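# Commentary on secondary and tertiary structure
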Amino acid sequence: MRRRRLSPLVGRQAELAEVSAAWDDVREGQAAGFLISGEAGVGKTRLVQECIERVLAQGGQVLAGSSFRISSGGLPYGPILDALRRLLRERSAESLTALAGPRFASLDQMFWPEPDEAHRAPDARLFDVFLALLGRLAEEAPVLLVIEDVHWADQSTLDLLSFLTVALRRERVLLVVTYRDDEPAAGPLPAALVELLRGPFMNHLPLAPLGAGDLGLLLAHQAGNPLPSAIVDEIADRSGGNAFFAEELLEARGLGPEVPARVRDVVLLRVATFTPNAQAVLRICAVVGRRIGYPLLAVVTELPEEELLAALRELAANRVLQPDTSPNAYRFRHALAHEAVYSDLLPGERARLHARVATALAERPQLGDRPRSTATAVVAHHWEETGDLPKALAAVVAAGRAAVEVRAFREGLTYFTRAIGLCDEVDDPAAAGLTRPELLSAAARCAHDAGEHESAVRLAEEALAATPREDVVARALLHEALGTYLDRVDGARALRAFTKAYHLLATSDALAERARVTAALANSLSVRGLYPDSAPLWEETLELARASGRKREEVLGLKTSGWHFAMHGEPATGIGRMREALRVARDEDDVEGICVTYNHLCLALDFIGWSSEAVATAEEALLWSADLGLMFPPMFDMLDSLVLVLYRNGRWRQAEEVAERQLASHHAAARALMTYVVLAELATARGRPEEAAQQLKQAFEQLKHDEDPLDHGLVHAAAAARAMWLEDYETARAEVAAGLEVVGAHGDDQQAVALCVLGLRIEADEAERRRAGGRSGVEEVRVRGERLRDRAASLWQRMGVRQRSFPEAAIDAAMGEAEFARLTGGEPNPDAWGEVAAGWSRLARPHAGAYARWREAEELVRARDPRAAEVLRSARDAAELLEARTLLREITALADRARLDLGAAADIPPVEPERPFHLTDRELQVLALLKEGRRNREIARTLFISESTASVHVSNILGKLNAGNRVEAAAIAHRLHLA
C-alpha cells in the first residue's frame, strides 16, 4: 500500500495507544480487533490512516477496503474484494497462489471469470479460503485488515466479518472495522454489530467529538499558524467538535459574512467558487462514487486531457478530492463532501450523468476496475438511477447472477426480488433474459441458501403457480426445489413435494432431471428412517445418473444405497459402494459430494463395528478438509459426524479438537447437533453436569426441526445418561421413553435396543439404591425392567439378517441381560460382565468397556474372587486415560469399600471449575456483578472501566453462555457457580 503524508493526529492519543497495544499482541501471535464508531466527520478514517502508517513503518502488511452506498441490492463482498484487489495489484495472483496454494484460485476467480465460467457452480469455500489466505500472509508478517463504513456493507460482507471474529485465533491479524453511529441503524447492521462485538477478541472504540484545544491544534495546522482563540472557540461551538465540519468552516470563512450552519451547505458554498470545469468534473465524480478511476472519468467527462487534469488539480488543491491508494484514481476526501455534491444535482442532470456512467461501464467494464460481482452491481445501480427500466431490469438480473457466483446469496435475493418487481413495470419483461417463473425460482434458491427458508417456500410456490401445466419438467424441478426448502419448515409437506416431482417425471425421457428428482425423493425417505421405501429408488437413481452422465446423482446414489446395504446385513457391499462414491466425487473435484460421502462412510464403518477403519477414515477426512477449512453445510455435517465417531472410539481429545473447530463458526453451530451431544456426553463423563445441560439445551433446540431418528435417539440417550449419573431416575426414564417413541416408530431396531439397555441400567441403578436404603418400590422397578428386557429381546430377534451389520447390538443385548440380573439382585455373575467388557474392547469402545469392567469387578467382589483388584485396576486405567471422572469416582468408591489396592493412580488434572465457553477472568468479574442485577454503568464504575467496555463484556458473556438476555446469564451463573 502506498503511503501518503498525513496531517498530525490530534485528540486520539488514548485510542491510538489502545490500538497500538493490540498490535503488539498481534505481533506476538494473538488476533485482535476493534469496532470504531462515531459520527460522520469525527475522525474515524484519520485514526485508521495513522494506524496504517504505523503498521507499515513496523513492517506489517495492510489490507484495506471500504463499503460503498448504492441505491439497490448491495455490492457483494464489496470491501473485501476492494482489499483483495489492492493486494493483487501489489502481489499478483501468481505470487499469492504460490503462498496460499490452489485454494487462492477460488478468490482469484471472483474478480473476472472467463466467459465460459460466468455461470459456474459457486465455490463453497470462500470464507475459509479468505481465512487461510490471511493466515498465510500473517506467517510472513502481521496483517492489519481494515474494513471501513460497514454501515453501507452488504449482508455477505457482514457475515464474513462475523465469521472472522470467531475463526481468527492465533493468526497475527488485527481487524479494524468502522461505522457511523449518527444515523438510524437499519437493515442487517444492528444484528451484525452485536455479532461482531461477540467475537472473543473484538473491542468497541467509540470516538467522541474533539474538544476546543484539540480543534485548535488541527486548525492551526490547516491554516499554517495558530488561530486566535475567539475563532477557534466559534468554530468549535458551531462544529460541535466534528473535525471535518471544523475544517470546512475554516475554509469557508473568507467566502462571505454569512456561513451556513449545516456542513452540506458549507461544502456547497466552497464548491460554488470553483471553475466551471472543476464543478462539472466534481458532479460526475459524485455520480461515479466516492472512489473514481481516472480512465472512467476521462471517458465520461469528454474533456480534453489538459482541462481534465487542471480541474482535478484544482479539486485536490481545495481538499475536496485526493489521490487514492490505488494508482490512477481519486477519491472524495470525505463522504460528507461526496454526499453534499450529489444531493445538489438536479433530477434530470443526475439521471443524465448516471446514464453516461452506466453506458461507459457496460461497454467497457474494465473502466470500473472492479471484480465482476461488484461491477455488475454498480452498473445496475446506475441504470436504476436513470429511470431506464428495461436496461435497469437486465442489469439487475446480471447483478443477481454475479452475486450468486460469489455465494452472496442475500444480495442475489435482493437483486432477483427487485427484478421481479421491475418486470411488472416494464412493457417488455423479456428484457430480463429470464421468465418470471425463472426469476422467482432464482430468488427462491437464493433465499434458501441465505437461510430464509420460509421466503424460499413462498417464492417457489409463486414460481409453480406461474409455470404452465404443460411444462412438466420445469414443474417437476420446482416441486423438487420446494421439497428442499420445506425440509427446514415442514417435513411432511417436503416429502409430498418430492413425491410429486418424482411422479411427474416417472415416464419422462428427461433422464438427467429424473435422476435429480429420484435422488431427492430417495434421500428424503432415507433421512426419515424409511429405508425399505428408499432402497429401490437409489438403484433407480444410479441407473438414471449413469445413463445421463449426472455425476452428482451418481455419487448420491452410490453413497446412500451403500448406506442401505451396510445397515441391512450386507456391510461389505455397502462399504464398497460408498468408497466408489468417494472415488467418483474426488475425480470430479466435487467438494460437497466428498463431504457427504465421508460423513456417511465414517458413520457406517463405526456402526457396523469396523472401528479401526472408521477412525482411519475419519482422520483421512480431517486431513483432506484441513486445507479447506469449514464454512458450508456439507462440511459442517461431515465434521459433526466425525466428532461422534471419534468420541465413540475413545478419541476424546481429538473429538474435542474437531468440536472446537466446528463451533468456531457461528454458521456451523446451527448444524452441530451431534457435536453438542458429544460435548454433553463428555461433560457428563468428566463430572460437569451443568455444562452438559447447556450443551443438551443446544442439541434439543436443533432437534425441533430434525426428523432423523438417529439424532433423536442420540440426544435423548445423552440426556438420560446425564440424569442417571445425577440419580434423577424419573427424568432419565422419561428421556429413554421419549427416545424409544421416535426411534421405535421409524424401525431403527439397533438404536432401540441400545436405548432399552440404557433404560435397564437406569432401573438397575434405582433398584440398587432402593435396596441399599431399605426403601420399598423395588418390585415396581423390576416390572419396568422386565418390560424393557422383553422389548430389547424382541427387537434383537426381529433384526434377523441385520444383526450381521450391528455387532454392537449383540453386545448391547448381552449387557441388557447383565443389567437385568443386577436389577434383580441375584447370584454374582462376573462372567456375563466379562463377556460384555471383552465385546466392547473388540469394538474399541473404551468408556463402555471400562464401565463393564467396573461392573465385573463388583460381581467379583460379591463372589469374594481375588481377581477383583486386577479387573478393577484395568477399569481404573481406562477411565483415567479418558479422564472419565464420573466413572472413576465410582471405581475408586468400590475399591475403598472392598479395600482393594489398585496401585498408584495416574496424575490426571482435577475437575476444573465449570466455566462453559471459556470465560475470562474479567468476564467472570462482570458476570458476578450481573448476578447482582447491576447495569452497565454500575459495572463500569465498580471495575473502573468505560461503559462501552462493560457493554462489550456483557455481549461476550451472553454469547459464550448462549444466554438470551442478562437475566438468563445470571441464572446460568448461579447454577454453574461461575462468579
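Criteria and thresholds
Residues numbered from 1 in each chain as written. Predicted model: local features only at pLDDT ≥ 70, side-chain atom pairs only at ≥ 80, totals over all residues. Heavy atoms only, no water. Axes fitted to C-alpha atoms, helices over the stretch in contact; angles between N-to-C directions. Helix = DSSP H or I, 4+ residues; strand = E, 2+ residues; numbered from the N terminus. Parallel < 35°, antiparallel > 145°, perpendicular 65-115°, else oblique. Left-handed = near helix turned anticlockwise from the far one by under 90°. Contact = heavy atoms within 4.5 Å. Nonpolar A, V, L, I, M, F, W, Y, C, P; charged D, E, K, R; others polar. Buried < 20%, exposed > 50% of the residue type's maximum accessible area, 1.4 Å probe, protein only. Pairing = 2+ DSSP bridges. Phe/Tyr/Trp six-rings, centres within 6.5 Å; stacked < 30°, edge-to-face > 60°. pLDDT = per-residue confidence, 0-100. Salt bridge = Lys/Arg side-chain N within 4 Å of Asp/Glu carboxyl O.

Time to look at the packing of helix α40 (residues 807-824) against helix α42 (residues 846-862). Helix packing for two helices is described by the angle between their axes and how far apart those axes are. Here α40 crosses α42 at 40 degrees, and the two axes come no closer than 12 Å. Judged on the interaxial angle alone, α42 and α40 are oblique. For α40 against α42, the interelement crossing comes out left-handed. Contacts between α40 and α42 involve Met815, Glu819 and Arg822 on the former and, on the latter, Tyr851, Arg855 and Glu858. Here the contact of α40 with α42 is built from residues that sort into two nonpolar, no polar and four charged.

As a further point, take the side chain of Asp149. In this fold, Asp149 is placed in the loop between β3 (143-148) and α7 (155-167). On the basis of relative accessible area, Asp149 is assigned to the buried category, the value being 8%. Those residues within four positions of Asp149 in sequence are excluded, and the remaining contacts are Ser66, Ser67, Thr178 and Arg290.

Extensive coverage of strand β1 (residues 32-38) is indicated by the burial of seven of its seven residues. Pairing geometry for β1 and strand β4 (residues 173-180), over seven bridges, is parallel. Looking at the pairing, Ser37 lines up with Tyr179 of β4. The pairing of β1 with strand β5 (residues 202-206) spans five bridges and is parallel.

What follows concerns the packing of aromatic side chains. Counted under the stated rule, the structure contains five aromatic pairs. With a centroid separation of 6.1 Å and an interplanar angle of 70 degrees, the aromatic rings of Trp563 and Phe607 are classed as edge-to-face. Of this pair, Trp563 sits in helix α27 (residues 551-567) while Phe607 sits in helix α29 (residues 591-607); the two residues are 44 residues apart in sequence, bridging distant segments of the chain. The exposure classification of Trp563 matches that of Phe607, with both residues buried. Relative to Trp624, the ring of Tyr598 has its centre 6.0 Å away and its plane inclined at 45 degrees; by these criteria the two rings are tilted. Within this pair, whereas Tyr598 is found in helix α29, its partner Trp624 is found in helix α30 (residues 611-626), the two being separated by 26 residues in sequence. Since its relative accessible area comes to 0%, Tyr598 is described here as buried.

A few words now on the confidence of the model for the chain. Overall, the predicted model of the chain reaches an average pLDDT of 85, with 89% of residues at or above 70. Residue range residues 1-5 is modelled with pLDDT below 50. Its contacts to residues more than four positions away, or to other chains, number 19 contacts. A low-confidence stretch, residues 113-124 (pLDDT under 50), is modelled with 22 contacts involving residues beyond four sequence positions or located in other chains.

Let us look at the environment of Gly41. Considering the arrangement of structural elements, one finds Gly41 in the loop between β1 and α2 (44-57). Accessibility expressed as a relative area gives 5% for Gly41, which makes it buried. When the C-alpha positions of Gly41 and Phe244 are compared, they lie 4.7 Å apart, and in sequence the two are 203 residues distant. Not counting the four nearest positions on each side in its chain, Gly41 is found in contact with Asn242, Ala243, Phe244, His334 and Leu336.

Looking now at the sheet that holds strand β6 (residues 291-293). An order of β6-β8-β7 is seen for the three strands of this open sheet, with the pairing classed as antiparallel. In the strand order of this sheet, the two ends are held by β6 and β7 (321-323), each with one partner. Neighbouring strand axes in the sheet, compared pairwise and without regard to direction, differ in orientation by 30 degrees on average. When β7 meets strand β8 (residues 329-332), the two strands line up antiparallel, connected through three bridges. The residue of β8 that forms the bridge with Pro323 is Tyr330.

To continue, consider the pairing of β8. Residues Ala329 and Arg331 point to one face of β8 and Tyr330 and Phe332 to the other, with burial holding for every one of them. Pairing of β6 with β8 involves three bridges; the strand directions are antiparallel. If you follow Ile292 over to β8, its bridge partner there is Tyr330. Here β7 folds back onto β8, and the loop between the two strands holds five residues, one of which, Asn328, carries a positive phi near 60 degrees.

In this structure the tally under the stated criterion is 63 salt bridges. A salt bridge links Arg283 to Glu349; the shortest N-O distance between them is 3.0 Å. Taken as a pair, Arg283 in helix α13 (residues 276-288) and Glu349 in helix α17 (residues 347-363) lie far apart in primary sequence, 66 residues in all. The closest approach of N and O atoms between Glu619 and Arg651, which form a salt bridge, is 3.0 Å. Residue Glu619 is located in helix α30, and its partner Arg651 is located in the loop between α31 (633-648) and α32 (652-663); the two are separated by 32 residues in the primary sequence. Residue class for Glu619 comes out partly exposed when judged on its relative accessible area of 32%. For Arg651, a relative accessible area of 34% corresponds to the partly exposed category. Salt bridges sharing common partners tie together Glu247, Glu248, Glu251, Arg270, Arg319 and Arg333.

Attention shifts here to the packing of α31 against helix α34 (residues 673-685). Here α31 crosses α34 at 30 degrees, and the two axes come no closer than 7 Å. Comparing the axis directions of α31 and α34 gives the class roughly parallel. Crossing hand, α31 versus α34: left-handed. Residues Asp640, Ser641, Val643, Leu644 and Tyr647 of α31 touch α34, and the partners they reach there are Leu673, Met674, Thr675, Val678, Glu681 and Leu682. Along the lines of polarity and charge, the residues of the contact of α31 with α34 split into seven nonpolar, two polar and two charged.

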